[in-house]
Amino acid sequence: MFCIFLGFNTNIFADTTTTVPDVTYQSQIQNIGWQDVKSSGDTSGTIGQSLRVEAFRINLINAPAGAKIKYSAHVQNIGWMDFVYSPNMAGTVNQSLRLEAFKISLENMPGYSVEYKAHVQNIGWQDWVKDGAVAGTTGQDLRVEAIQIKLVKLSNVSSVSLNKSNDTLTAGNTDTLKAAVNPADAYVTSTNWTSSNTSVATVDNTGKVTAVNAGTATITTTVNGSVTASCNVTVTSPVNVTSVSLNKTTDSLNVGASDTLTANILPDTASKKDVSWTSSNTSIATVDTTGKITGISAGTATITATTADGNKTATCNVTVKSTQADGISVSYQANVKGQGWQNPVSDSEIAGTIDKALPTNGFKIQLLNAPSGARIKYQTQVQYLGWQPLVYDGTESGSGGQDLNVEAIKIYLENMPGYTVEYQAQVQNIGWQNWVSNGAIAGTVGPGLRLEALRIRIVKDIHVQYQAHIENIGWKDAVTDGTIVSTNAKPLAFQALKVNLENAPGGAKVQCTAHVQNIGWMNPVYDGDVVGTTGQSLRLEALKLKLINAPGYRIKYQVDVQGIGWMNWVSDDQIAGTVGLNLRIQGIRIKVYADDGVQTVPSVQPSSTSLNTINYKASEYLRYSSNIQSTNQTAIQLHGGINENNCVYFSSTALRAVGYSVPLSMCNTGQYTNFLLSKGWTKQTNKDLLTPGSVCFTVNDGLDYPTHTYMFLDWVNPDDHTMAYIADNQGNDVHIRSLLDAPGVDAFAYFLHQ
């Protein structure tokens, strides 16, 4: 936002007593107005009077041609305003809004830096910052009470040093040299790197040295055209890898357990011993860059180590066993055409055949270590015969000795509350279908396709419980399985969260990671531990959740973000919320569900520009009860003291409060619509596209003009676009309104958005 106050005499910034570049500045102070101009390093504002700085402006004096200084203000209820250049004003006047933070930068002034600091309510003087860094605070509702600004001429480089004076590399390897200038804050105009013998070693413009052939070379860095430092590099011929072996060729571990493989490279003198690790089936077992393997689900996988030099390989066959159902297991076997009954397998292992085009003729299934009275029952769909009768616990279901294909199967648990049977079929021409559970059909009915293999597992019914700590409220009651926890469109931030699993398999847990104001990403916590902070007034800005040791399940979560509304569902360590935009999380819900193979798509992270719109600012402004009440009072005054039919007065007053010019005489909904359209606003009729700050209009039955206008703030339930949190002249606080026809309520017709 560019603001020029024509009433000021910009010559007050002039200074002809010196030819040294410098800076002068002036502040607008609560109850005082514009103070006198201050010089470099002087205090502008007040100390100990509890008065806010509301605006400031800066000017360069004796600066080189083309040099500029730009600055931006973070203002109460508005946020970051656009950068302006001297002598323009940053901030506001006559709006009683506090300056909360500011940033200053130089343009086209090589050899100089601008430094500045803020005296902040309840904090005092902060440390000096420079060149575009933030002085003050954001998100803490604290006023800036005084500022100091100064230009600093950077020192010349007196010397330069490298982190190494000698280096030895094998041909083909690299190393990066780092240069340090003295003094550390010296002004650097150029840094060049050269090699005395590029056939031995080369160097790029970052100091990265690449060894080429055996020999010696000198690497030199030159700063500002004349200050130098060197490193002597010796390059040796490489010794090639001849073989690799692992400490284990077979391994067995439970789901959730880990083990580490080690690679032995020969010869011991090999120049390059880097190894990459891969798993043949990451749904069964994963391996990291150190050789650490982790069991994910029951089955087998091959772990391979491959040398970077020569692509030599070694393998380890890993068997992962399931412990997901507290020791309860399922055993099953298949009758395969031409092979007869196979040996029993268990817990997600494969019964039948793959890639052999062989049909199954029958199955036997039974529970192991199940509670007393628990049973498993099942029935098969057989070629020409249809669905066979239900059978129990190890009894054959299939063609009964006939050479007929099994085409589908259904499996059920009885008397096992808290547990689910899941199963997956390999089908002719289709391959592996998705996992299904509890009596759903695995396979096909009708197409005549053979069922070639089957996997079965018993899992616990997992539930997720979560509890939010909210600004000015504290800990809310715990909720479960997708229940919405929100601030009801009030400008309150989530500050902490506790998430835990219920009825989970042994070893299963949920990992939570939070991105917190002024801290960034914190370390992960687990099951019931607090993620975020309490007692520090710091908002949660983003979250990542994932399940540990819970094969067959996924966790998904959705957050409501300041000025954006409810974002898309995300899952499995994807980011929910925003990073780098200083936006609070103000709502959340979490679910655990059986893995259906469907990937969630994260919301596109908005840009800082999109969060500087009038709609965003108006939405934030009207979340405060005090702002709604003062807007209502202004609307009544504009209507000559009449306390009704003030919806346009209310809405237009709110827009003016956040810097958007609307005539004070605006009072008619039709006129208001046409005015906003003439200013480039867009009109939409699909209420599902509403975003915070949208200006909504209603049309009463039988009338062809809008009867009411209000500001949309958020959905009460993001799945049901019926009830919305709104602000208008019909209350002194955020309230809920139906967007459908209801007695005494005109339905939503359209909305306008900038």
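Residues numbered from 1 in each chain as written. Predicted model: local features only at pLDDT ≥ 70, side-chain atom pairs only at ≥ 80, totals over all residues. Heavy atoms only, no water.

### Examining the sheet that holds strand β18 (residues 174–176)
What counts here: DSSP calls a pair of strands paired once it identifies at least 2 bridges connecting them. Comment: elements are numbered from the N terminus, with helices defined as DSSP H or I runs of at least four residues and strands as E runs of at least two. To obtain each axis, a line is fitted to C-alpha atoms, and for helices this fit is confined to the stretch in contact; angles are then taken between N-to-C directions over 0 to 180 degrees.
Across the sheet, which stays open at both edges, the three strands sit in the order β18-β22-β21 with antiparallel pairing between neighbours. The sheet is open, and its two edges are formed by β18 and β21 (201–203), each paired on a single side. Averaged over all pairs of adjacent strands, the angle between their axes in this sheet comes to 20°, without regard to strand direction. Alignment of β18 against strand β22 (residues 208–211), held across three bridges, turns out to be antiparallel. Following the sheet pairing, D175 is matched in β22 by V209.

### Here we look at the sheet that holds strand β69 (residues 748–753)
Taken in spatial order, the six strands line up as β64-β69-β65-β66-β67-β68 in an open sheet, and their pairing is antiparallel. Of all strands in the sheet, those bounded by a partner on one side alone are β64 (682–684) and β68 (735–738). Shown here is a sheet whose adjacent strand axes are inclined to one another by a mean of 45°, direction ignored. Here strand β66 (residues 706–715) pairs with strand β67 (residues 723–727) via four bridges, running antiparallel. What sits directly across from W715, in β67, is A724.

### Concerning the domain arrangement of the protein
Just so we agree on the cut-off: By convention here, the domain bounds are inherited from an automatic or database domain assignment. It only takes one pair of heavy atoms within 4.5 Å for two residues to be counted as in contact. By convention, the term buried area covers the 1.4 Å-probe accessible surface removed from two parts as they join, with the contributions of both added. One side-chain nitrogen of Lys or Arg within 4 Å of one carboxyl oxygen of Asp or Glu is enough to make a salt bridge. Distance and chemistry together define a polar contact, namely a pair of N or O atoms within 3.5 Å, with one atom able to donate a hydrogen and the other to accept it when in protein, and with adjacent residues in sequence counting only for side-chain atoms on both sides. Charged residues are taken to be Asp, Glu, Lys and Arg, nonpolar residues to be Ala, Val, Leu, Ile, Met, Phe, Trp, Tyr, Cys and Pro, and polar residues to be all remaining types, Gly included.
Its domain assignment divides the protein into domain 1 (22–153), domain 2 (159–236), domain 3 (243–321), domain 4 (329–460), domain 5 (463–594) and domain 6 (614–753). On a C-alpha basis, the centres of domain 1 and domain 6 stand 35 Å from each other. Taken residue by residue, the interface counts five residues in domain 1 and six residues in domain 6. Between domain 1 and domain 6 the total buried area reaches about 480 Å² when both faces are included, carbon and sulfur atoms providing 44% of it. Taken together, the links from domain 1 to domain 6 amount to zero salt bridges. Connecting domain 1 to domain 6 are zero residue pairs in polar contact (both at pLDDT 80 or more). For the side of domain 1 that touches domain 6, a count of residues per class yields two nonpolar, two polar and one charged.

### Notes on the packing of helix α3 (residues 647–657) against helix α4 (residues 669–678)
Defined as follows: Should an angle fall under 35 degrees it is called roughly parallel, over 145 degrees roughly antiparallel, and 65 to 115 degrees roughly perpendicular, with every other angle called oblique. What makes a crossing left-handed is the near helix being turned counterclockwise from the far one by less than a right angle; a clockwise turn instead makes it right-handed.
Relative to each other, α3 and α4 sit at 30°, their axes nearing to 9 Å. In terms of orientation, α3 and α4 fall into the roughly parallel class. Along this stretch, α3 crosses α4, giving a crossing that reads as left-handed. For the pair α3 and α4, the contacting residues are C647, V648, S651, S652 and L655 in the first and T669, Y672 and L676 in the second. Broken down by class, the residue content of the contact of α3 with α4 amounts to five nonpolar, three polar and no charged.

### Let's talk about the nonpolar core
Here is the rule: By convention a nonpolar core is built from buried Ala, Val, Leu, Ile, Met, Phe, Trp, Tyr and Cys residues, the set being connected through side-chain atoms within 4.5 Å. Each residue is assigned to one of three classes by its accessible area relative to the maximum for its type, calculated with a 1.4 Å probe on protein chains only: buried under 20%, partly exposed between the two thresholds, exposed over 50%.
If you look at the biggest cluster of nonpolar residues, it comprises 43 residues, and the most contacted ones within it are L497, L501 and I590. Elements with a contribution of two residues or more to this core: β49 (463–470), β53 (494–502), β54 (509–516), β58 (540–548), β59 (553–561) and β63 (585–594). Ranked by the residues each element gives to this core, the list is headed by β59, at five residues. Non-local contacts of I590, meaning those with residues more than four positions away in its chain, are made with V464, Y466, D481, G482, L497, V499, L545, I555, K556 and Y557. Judged by nonpolar contacts, the second largest core, of 34 residues, contains L97, M109, Y116 and I149.

### Concerning the side chain of H119
Relative to the helices and strands, H119 resides in strand β11 (residues 112–120). When neighbours within four sequence positions are excluded, H119 is seen to be in contact with I47, G124, W125, R143, V144, E145 and A146.

### With respect to the pairing of β67
Counted residue by residue, β67 has four buried out of five residues, so it is predominantly covered. Judged from the four bridges that link them, β67 and β68 form a sheet pairing that is antiparallel. By the bridge assignment, A724 is partnered in β68 with R737.

### Topic: the side chain of T631
Looking at where T631 falls in the secondary structure, it is placed in helix α2 (residues 625–638). Take T631: its relative accessible area is 2%, and that puts it in the buried class. Contact partners of T631, with chain neighbours within four places excluded, come to Y621, L622, F650, T653 and A654.

### Examining the environment of R143
Checked against the element boundaries, R143 lands in the loop between β14 (135–136) and β15 (144–153). Along the sequence, R143 and T444 sit 301 residues apart, while their C-alpha atoms lie 68 Å from each other. In this structure R143 touches S50, L51, R52, R98, L99, H119, V120 and Q121, once residues within four positions along its chain are discounted. In terms of polar contacts, R143 uses its side chain to reach the side chain of S50, at 3.4 Å. A polar side-chain atom of R143 sits 2.8 Å from a polar atom in the side chain of E145.

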